[in-house]
Amino acid sequence: MKTPFLDEIRNKILVLDGAKGTMLQERGLRPGQPPEEMNLTAPEVVQAVHLEYRQAGADIIVTNTFGGNREKLSHYGLEDRIQEINRSGVALARKAGGPSAYVAASMGPTGLFVEPLGDISFDRMSAVYREQAEILMEAGADLFTLETFLDIKEIRAAIIAIRELSPTIPIISMLTFDDKGRSVLGTPPEASAITLEAVGANIIGSNCGLGVAGIYEILKSMRQVTGLPLIAQANAGLPVLKDGKTVFPGTPEEMTTYHDRFVELGVRIIGGCCGTTPRHIAAIRQALEGKNRPFPVCGPDRGTTFLSSRSGFTAVGSSHPAAVIGERINPTGKKAFAAELREGKISYIRREALEQANAGATLLDVNVGTPGIDEAAAMEKAVFCVTGAVTVPLVLDSSNPEALERGLKAADGKVLVNSVSGEEKSISRILPLVKKYGAAVIGLTLDEKGIPPTAGGRAAIAGRIAAAAEKMGIPRQDILIDCLALTVSAEQKQAVETLDAIREVKGSLGLNTVLGVSNISFGLPCRQLMSSTFFAMALAAGLDAAIINPKEKAMMDAWRAAMVLLQKDLRAASYVDAYRDTAAASAAEPPAGLPADIRGLLSRAVIDGDRDGIVQLVNRALEERLTPLQVSNEGLLPGLEEVGRRFEKNQFFLPQVMQSAETMQSAFSRLKEVMQQDSLASEGRILMATVEGDIHDIGKNIVCTLLENHGFEVIDLGKNVPAQRIISEARERKVDAVGLSALMTTTMSEMENVIGKLKAEGIRTFTMVGGAVVTQAYADEIGADLYAKDAMEAVARIKKLLGKNS
């Protein structure tokens, strides 16, 4: 009988198998045929590949079900055979692996983005994965491996779906990162690790995209925020074209060069991805001989609360600076904001999110509770807005379970729920949501009897909340206790009790603390003086996070000074940065070079992705007698160019780029209503297509959107497009350039076929290639005119190539 998988990896390092696509291609997989179909049409071939890896020394055999979800299979008309394909996948791996091997059920991306970046809802995405996971579990898989994911929200939905079926089955979760250390949607390794661990992954890591050196750097970053076992599944180098075929040059020996460092880092599973063969796996197996040892205690201080967004993360507690939670997105006492919520608008939310983040907030509280609205729908909309505008993690502030759950589904990472109290009703309604969606939670020190007047009474409630949370599987470090600041003008002695309660919760219970500070000064003159003084005292008492207005200078001054004095700002680095040049420190100022008139406001709206406000600004510009061309060239395009610069500097990521692009589209739609269609000269006519055999079109679609925003006429032929159709359309439409995309190594060679036929047919046009597996060297080898590594670079290079560099 096998040792339970999670026990086994605690005691020894296991070897996972290698790539299957190229081996199946060599053994009959047709161009454009999904590999999963061979589970039914050529099961003996699939089983033989599994057997070769098992004989090479693989402990874990991964099923041939990577694209076995309903969405992916529907592209090939195979969705009705989802049961057969997945069941057969598990059976073939089990038969080849034998009784002592572990069978890992492979699940990969759908090729779709979850709302708001795409059209599929979180619930629908989760249902897609739940269906596949249920089949794979019933077929007898030992564990799951979620691999090659690009979108943190999609893999989060997959893990939640699996955990709905089983709280215990082991889950390996891996994202793919580029050489800049980010996923295609801008997620860094630390944020991915925080999010994946929170929703229930047991082993985390990275596969594909990088060789062993790159994977090591990704895992080293993950280790800073997690104590989980890690997995390394590197490519055999980067792909090159050799004799007309795509090959990965990394040798079996090169795959083992980082083994010692992997072991030291706490990597417990090592396998191979693209380009690896049974020879590579045999070398990995041999290199691990004598290196087994129990899983080391590693990772961060377990008293730290980590929170994450799609593009960033924040550490709370331990030796980290106290977190600043921006409190301004809350309709209480804000009539204008409440009115916007009732009208379904989000301009205030976006503005406050940007201003508070720029002022120094490290977390943002989001509260949309106001009479006369659908709070759940408003919460979802607010979360979409804030996550599209800033990178700081969120605090979801509501006592409405339906609104909280909608917000938790809408979020991209691990959020903080505000809040649960000591009341049994609150505990039973809120904590299950916290657990299911991988959140942290604020515990309010009040119960059915109200707020205890003593520090001991509040600490007792904190202990009960912590016990209930831990019983539900919520880690202790993910519980932050709010000892409640009461109005000093009415209950003067309660200020001291609150400070004492913070000390007791920290000292006796070992829990992190949070406080809504501004309550202390209600009803007093010069409130900022009272609030900032109490804030400094609370920080000295051990406060780990504060809910404040970060735009109030006195509060931020107190915070920065306290962090230096409490040795949480080493060498006073952040303090010096903030006050070296006060004028320059205001990140809310417009970027250098933007005019202060309506042109600058248009640019700022594009940069901020203000889809609600852009049309009003366009109308104002037209009223000020700017022509449509001036609105576009002097207002909108400079903003988009600034977005491009920020993307290049890793200050913006694809979600922000797409939000700005959608803002541009709204502006252009308005301009088209007031101008002749031909009054705005086209920058050029571009034909775009994903080549035959490849059904992945996310990257290509982003390029199309940005090209249109920059004034190009785009003809998008879609995905899986035959070469002859590309040739015919290019000739008929007289295009200036043809853009070709491919994601898979098995289809990238079709680019060479298309380019060769364009030249053979005498069609005079430029060619551009791109995609996850495409490189500059490959583009040069197949005779493409240009290569772009991402959408923004594609636009810049095509403009330069066509002489449209205005």
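In what follows, the accompanying structure is described.

The rules behind the values
- Along each chain, numbering runs from 1 in the same order as the chain's sequence is written.
- Local features in this predicted model are restricted to residues of pLDDT 70 or higher, and side-chain atom pairs are both shown and tallied only at a pLDDT of 80 or more, whereas totals for entire chains, interfaces and linings draw on every residue.
- Derived side-chain values reflect all non-hydrogen atoms in the structure, with water molecules and hydrogen atoms excluded from consideration.
- Here a helix means four or more residues in a row that DSSP labels H or I, a strand means two or more in a row labelled E, and each is numbered from the N terminus.
- Only the C-alpha atoms count toward the radius of gyration. The rule for a globule is 2.2 Å times the residue count to the power 0.38.
- Under the scheme applied here, a residue whose accessible area is under 20% of the maximum for its type counts as buried, over 50% as exposed, and between as partly exposed, the area being computed with a 1.4 Å probe on protein chains only.
- Only heavy atoms matter for contacts: two residues are in contact if any of them lie within 4.5 Å across the pair.
- Here the axes come from fitting lines to C-alpha atoms, over the contacting stretch only for helices, and the angles between their N-to-C directions go from 0 to 180 degrees.
- Oblique is the label for any angle not under 35 degrees, not over 145, and not in the 65 to 115 range, which are roughly parallel, roughly antiparallel and roughly perpendicular in turn.
- Two helices cross in a left-handed way if the nearer one is turned anticlockwise from the farther one by less than a right angle. They cross in a right-handed way if the turn is clockwise.
- Within this scheme a cavity is a closed region of a 1 Å grid, computed over the protein atoms alone, that accommodates a 1.4 Å probe without allowing it to escape, whereas a pocket is open but has protein on both sides within 12 Å along at least five of seven lines; lining residues each have an atom within 4 Å of a point.
- Grid points are joined across faces, edges and corners, and a volume is the space filled by probe spheres set on the points.
- Only buried Ala, Val, Leu, Ile, Met, Phe, Trp, Tyr and Cys residues count toward a nonpolar core, and they belong to the same one when joined by side-chain atoms within 4.5 Å.
- All amino acids are sorted into three groups, where Ala, Val, Leu, Ile, Met, Phe, Trp, Tyr, Cys and Pro are nonpolar, Asp, Glu, Lys and Arg are charged, and the leftover types, Gly among them, are polar.

### Re the overall build of the chain
Of the regular secondary structure elements, the chain holds 32 helices and 25 strands. Taken over C-alpha atoms, the radius of gyration comes to 28 Å for the chain, in line with the 28 Å a tight globule of 806 residues would show. Taken over the C-alpha atoms alone, the chain extends approximately 85 × 80 × 50 Å along its principal axes. For the chain, with 806 residues in total, the buried portion stands at 59%. Considering only contacts within the chain whose residues lie at least 6 apart along the sequence, 74% involve residues at least 24 apart.

### Here we look at the packing of helix α25 (residues 611–623) against helix α26 (residues 628–648)
At a closest axis distance of 10 Å, the pairing of α25 and α26 adopts a crossing angle of 125°. Between α25 and α26, the angle falls in the class oblique. Of the two possible hands of crossing, α25 and α26 adopt the one that is right-handed. Residues Ile614, Val618, Ala621 and Leu622 of α25 touch α26, and the partners they reach there are Pro628, Val631 and Leu636.

### Some details on empty space enclosed by the protein
Over the atoms, a rolling probe the size of a water molecule traces out where space has been left empty. In total, this model carries three cavities of 30 Å³ or more according to the counting rule given. Considering the residues around the largest cavity, the lining is formed by 13 residues, among which Pro116, Leu117, Gly388, Pro655 and Gln659 are closest to the centre. Sorting the residues of the lining of the largest cavity by element identifies α15 (375–389) and α27 (654–674) as the ones contributing at least two each. Looking at which element gives the most residues to the lining of the largest cavity, the answer is α27, with four residues.

### So, the nonpolar core
Ranked by internal contacts, the top residues of the largest apolar core, which has 156 residues, are Leu146, Leu219, Phe262, Ile349, Val386 and Phe535. Setting aside residues up to four positions removed in sequence, leucine 146 forms contacts with Met107, Ile155, Ala158, Ile159, Ile162, Ile171, Ile172, Ser173 and Met174. Core analysis: the second largest hydrophobic core is formed by 29 residues, Val657, Ala661, Leu707 and Met768 among them.

### Describing the packing of helix α28 (residues 698–709) against helix α32 (residues 791–801)
Viewed as axis vectors pointing N to C, α28 and α32 meet at an angle of 45°, and their least axial separation amounts to 9 Å. Judged on the interaxial angle alone, α32 and α28 are oblique. Crossing geometry of α28 relative to α32 is assigned as right-handed. On the side of α28, the interface is formed by Ile702, Val703, Leu706 and Leu707, while α32 contributes Ala791, Met792, Ala794, Val795 and Ile798. Across the contact of α28 with α32, the residue classes tally to nine nonpolar, no polar and no charged.

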